[in-house]
Amino acid sequence: MSDINPQQEFEKLLTTIKDNQIAGDLELLRLAYDFAFDAHAGQVRASGEPYIIHPLATAQKLAEMKLDMPTIMAGLLHDVPEDTKVTLKEIEKNFGVEIAKLVEGITKLGKLKYRGMERYAENLRKMFVAMSEDIRVILIKFADRLHNLKTLDVLPPDKQFRIAKETLEIYAPIADRLAIGKIKGELEDLAFQYVYPEDYKWITTIIPREYKIKEKYLQEVKDKVKKKLAEENIVIDEISVQGRTKHLYSLYKKLLRPHINRDLNKIYDLIALRLIVPTVVDCYGALGVLHGMFRPMPGRIKDYIANPKPNGYQSLHTTVFTDDGEIVEFQIRTREMHDQAEFGIAAHWNYKETGGKTTAKNIKWLEELVKWQKQITDNDQFLQTVKLDVFQNRIFVFTPKGDVIDLPEGATPIDFAYHVHSSLGDKCVGARVNEQLVNLGHQLQSGDIVEIITDKNRKTPNPDWVDTVKTSMAKSKIRAAINKIKLK
Ligand code: MN
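What counts as what
- Residues numbered from 1 in each chain as written.
- Predicted model: local features only at pLDDT ≥ 70, side-chain atom pairs only at ≥ 80, totals over all residues.
- Heavy atoms only, no water.
- Pairing = 2+ DSSP bridges.
- Helix = DSSP H or I, 4+ residues; strand = E, 2+ residues; numbered from the N terminus.
- Axes fitted to C-alpha atoms, helices over the stretch in contact; angles between N-to-C directions.
- Parallel < 35°, antiparallel > 145°, perpendicular 65-115°, else oblique.
- Left-handed = near helix turned anticlockwise from the far one by under 90°.
- Contact = heavy atoms within 4.5 Å.
- Patch = residues over 30% accessible without salt bridge, like charges linked within 9 Å, V, L, I, M, F, W, Y side chains within 5 Å.
- Areas by Shrake-Rupley, 256 points an atom, 1.4 Å probe, with all protein chains shown as cover.
- Salt bridge = Lys/Arg side-chain N within 4 Å of Asp/Glu carboxyl O.
- Lys, Arg positive; Asp, Glu negative; His and termini not counted.
- Charge placed at Lys NZ, Arg CZ, Asp CG, Glu CD.
- Buried < 20%, exposed > 50% of the residue type's maximum accessible area, 1.4 Å probe, protein only.
- Core = buried A, V, L, I, M, F, W, Y, C linked by side-chain atoms within 4.5 Å.
- Domains from an automatic or database assignment.
- Donors = N, O, S within 2.8 Å, 3.2 Å for Na, K, Ca; no water.
- Nonpolar A, V, L, I, M, F, W, Y, C, P; charged D, E, K, R; others polar.
- Phe/Tyr/Trp six-rings, centres within 6.5 Å; stacked < 30°, edge-to-face > 60°.
- Lys NZ or Arg CZ within 6 Å of the ring centre and 35° of its normal.

> Just give me the short version of the sheet that holds strand E11 (residues 450–454), but keep the residues and values in it.
Here three strands make up an open sheet; going across it, the order is E10-E9-E11 and the pairing antiparallel. Each end of this open sheet is capped by a strand with a single partner; those strands are strand E10 (436–438) and E11. Geometrically, the sheet is characterised by an average inter-axis angle of 35 degrees between neighbouring strands, direction not taken into account. Relative to E11, strand E9 (residues 428–433) is paired through five bridges, and the arrangement is antiparallel. Looking at the pairing, Arg432 lines up with Glu451 of E11.

As C-alpha cells, then:
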C-alpha cells in the first residue's frame, strides 16, 4: 500500500498550475476534482492506491506540460465515464461541451485494445482521427499512459508486455511525429524494460559506468568553452552537460544499427554539451568559436537550423576532437528551438493561446498533420519498421474546416463529396484542391484540403460519374439519385 494522499496531490497540482501561469477558473478545477473524487470513491487501482491518484497524476503531467485548463480538467475526469456510473451527459452539464468532448475522445480511444501488428494500422488510424478532432485528446492520452507505465509493475507479465509494446509501437512514434521529444523519451524508457528485459539490463549496466567517466571530462570542457565564448562576446543563456541516461531506448536502437554493432565507443553523443544562446546568429557564432578551439570531425556538422528535421527539430550539431584526443558532441540552439524540441506541438499552447479560440490551434495542427503524413510517405525507415497496410492504400484528406475524410487511393473529389454528404455529391459541379481548381476526375493525395463547389439548382449527378468514382459508396449514391429521377 502506498501512502500517497489525494489532497496533497491536488495541492501540488494547484502549485504547478500557478507556477506555470496557466489561466483559468481554479474553483471550477476544484469542482472537477471533487466530481472525479466522488465518482471514483471506493475504487482502487491494482497497486491498492485509491483510484483518484491516477487521474490526479494525469492532470499533474498535463500541467507540467503547460497545457490549458480544459485539458487539465479533462485529465482529472478522463476515466469517469469509462469506469463509473457517471455519464458524459453529466460531465457536459457540469463542465461544458469543450471538456465533455475531450473526455469523450479519450473514452473512445480507451476502447481500442492492442492485438499485435495486424491491429496496428487500425489503431493508428483511429488515433489519427481522434487527433484531428482535437489534438489535446492525444496529449491527455500520453499523460494517462505515462502514469500507467509508471505503475506497471503491479500488473501480470502478459499485461505488462502488451501495454509496453503498444507504447513502443504506437504511442512513441506518434509523440515523435508530433515532435514532443520529451514525452517520446519518457514513454520509451518506461516501456523498454518490459519489452526487452535482457537488453534493458545490459544497457543499464554499461551506460552509468561509461557516463561517469565522460561526464567528469565534459565538465572541464564546459568551463573552457564558457570562458572562450565570453572572450568572444557571445552570450550564452545556458550551457549544460546532456547525458543520454534519460533516452536509453533511443540509445539502444542506435547501438543495434549494423555499423555500430553494440559498440558503445562508436556512439559519440552518449553525452553532449548543449548550448542555448539568444539568437540564430549567436548559434552560428558559437559554432565558429568551437571550430576555432577544436578540430571538427568531417561529416558530423549538421545544420538543422537551415534544414530542420521533418518533425521541425532545429539545432546545430557538431562533433569535435579535443586537445586530449577525446571526441565531444555539441548541440547549439536558441531557447525557442529548445522548447520546440522538448514540447513540440504542445509548445504552441504557451505562445499561441488566443482566448479559448480553437481555430488557430486547429490550423496549426492541420499543418503538423499534413507534414506528418508527408513524412510517413517519404520516410522509408518508418515504412520498413512497421507495415502500414491501411496507409498504403488509404489516403486522408481534409475538409476546409479540418475534418478528416478517409478514402481509398485514387479517390476523386466526387468520392470526397459523397463521403461528406449525399446532397453535396448531387449538387457538386467543381472542386478546389489546396485552393487550386481541379477537374472532378482529379486523383486526391493524402494531406489535400478539398473544397467542393456546388450549384444549388442542380438536382442530379452526372450519370458518367459512375465510371469516374472509386468508392462503392459514391457509386451507389449516384445510381440511387439517378433512379429516383427516372421513377418520377
Ligand atoms: Mn486512465
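Having put the structure on the table, let's press on.
> Tell me about the packing of helix H1 (residues 6–19) against helix H3 (residues 53–64), and name the residues and values.
Packed helix pairs are characterised by how far apart their axes lie and by the angle those axes make with each other. Here H1 crosses H3 at 15 degrees, and the two axes come no closer than 9 Å. When the axis of H1 is compared with that of H3, the two are roughly parallel. The way H1 lies across H3 gives a crossing that is left-handed. The residues of H3 that touch H1, namely those facing Pro6, Glu9, Phe10, Lys12, Leu13, Thr16 and Ile17, are Ile53, Leu56, Ala59, Gln60, Ala63 and Glu64.

> Lay out the environment of Thr58 with the relevant residues and their values.
Within the secondary structure layout, Thr58 lies in helix H3. For Thr58 and Ala74, which are 16 residues apart along the polypeptide, the C-alpha to C-alpha distance reads 9.5 Å. Beyond its immediate chain neighbours, meaning those up to four positions away, Thr58 contacts Gly75, His78, Ile140, Ala143 and Asp144.

> Explain a negative patch on the surface residue by residue, including any values.
Taken together, the side chains of Glu220, Asp223, Asp323, Asp324 and Glu326 present a region of like negative charge at the surface. Following the sequence through the fold, Asp223 ends up in helix H12 (residues 197–231). Residue classification places Asp223 among the partly exposed positions, given a relative accessible area of 49%.

> Account for the nonpolar core, with residues named and values stated.
Counting 97 residues, the largest nonpolar core has Leu29, Leu77, Phe142 and Phe330 as the members making the most contacts within it. Split by domain, this core shows at least three residues from each of two domains, domain 1 (6–193) and domain 2 (197–343).

> Requested: an account of the pairing of E9, with residues and values cited.
Note: E9 against E10, three bridges, orientation antiparallel. When the sheet's bridge partners are listed, Val433 is paired in E10 with Gln436. With antiparallel pairing between neighbouring strands as the criterion, E9 and E10 make up a hairpin whose turn holds two residues, including Asn434 at a positive phi of roughly 50 degrees.

> Got a sec to walk through the pattern of salt bridges? Specific residues and values, please.
All chains considered together, the criterion is met by 15 salt bridges. Put simply, Asp68, Glu98 and Arg136 are held in one network by salt bridges that share partners.

> So what about the coordination of the manganese ion? Which residues, and what values?
Within the protein, His54 (NE2), His78 (NE2), Asp79 (OD) and Asp144 (OD) serve as the donor atoms for the manganese ion, at 2.1 to 2.3 Å. Between consecutive donor residues of the manganese ion, the sequence gaps follow H-x23-H-D-x64-D. Residue His54 is located in helix H3, and its partner Asp79 is located in the loop between helix H4 (69–77) and helix H5 (80–83); the two are separated by 25 residues in the primary sequence.

> Could you give an account of the packing of H12 against helix H13 (residues 248–255), naming the residues involved and the relevant values?
Relative orientation of the contacting elements H12 and H13 amounts to 100 degrees, with a least axis distance of 11 Å. The orientation of H12 with respect to H13, classified from their angle, is roughly perpendicular. Across the interface between the two elements, Asp199, Tyr200, Trp202, Ile203, Thr204 and Ile207 from H12 touch Leu248, Leu251, Tyr252 and Leu255 from H13. Partitioning the contact of H12 with H13 into residue classes produces eight nonpolar, one polar and one charged.

> Can you explain the packing of aromatic side chains? Please cite residues and give values.
Centre distance and the angle of the planes are the two values used to describe a pair of aromatic rings. Under the counting rule described, the total for this entry stands at 12 aromatic pairs. Measuring from ring centre to ring centre gives 5.7 Å for Tyr196 and Tyr252, while their planes differ by 45 degrees; the resulting arrangement is tilted. Of the two residues, Tyr196 is situated in the loop between helix H11 (181–195) and H12 and Tyr252 in helix H13; the sequence distance between them amounts to 56 residues. Here the aromatic residues Phe192, Tyr196, Tyr200, Tyr249 and Tyr252 are joined through ring pairs into a cluster of three or more. The ring of Tyr51 has Arg45 lying over it, and the distance from NZ or CZ to the ring centre is 5.7 Å. Taking NZ or CZ as reference, Arg145 lies 4.3 Å from the ring centre of Tyr171, over its face.

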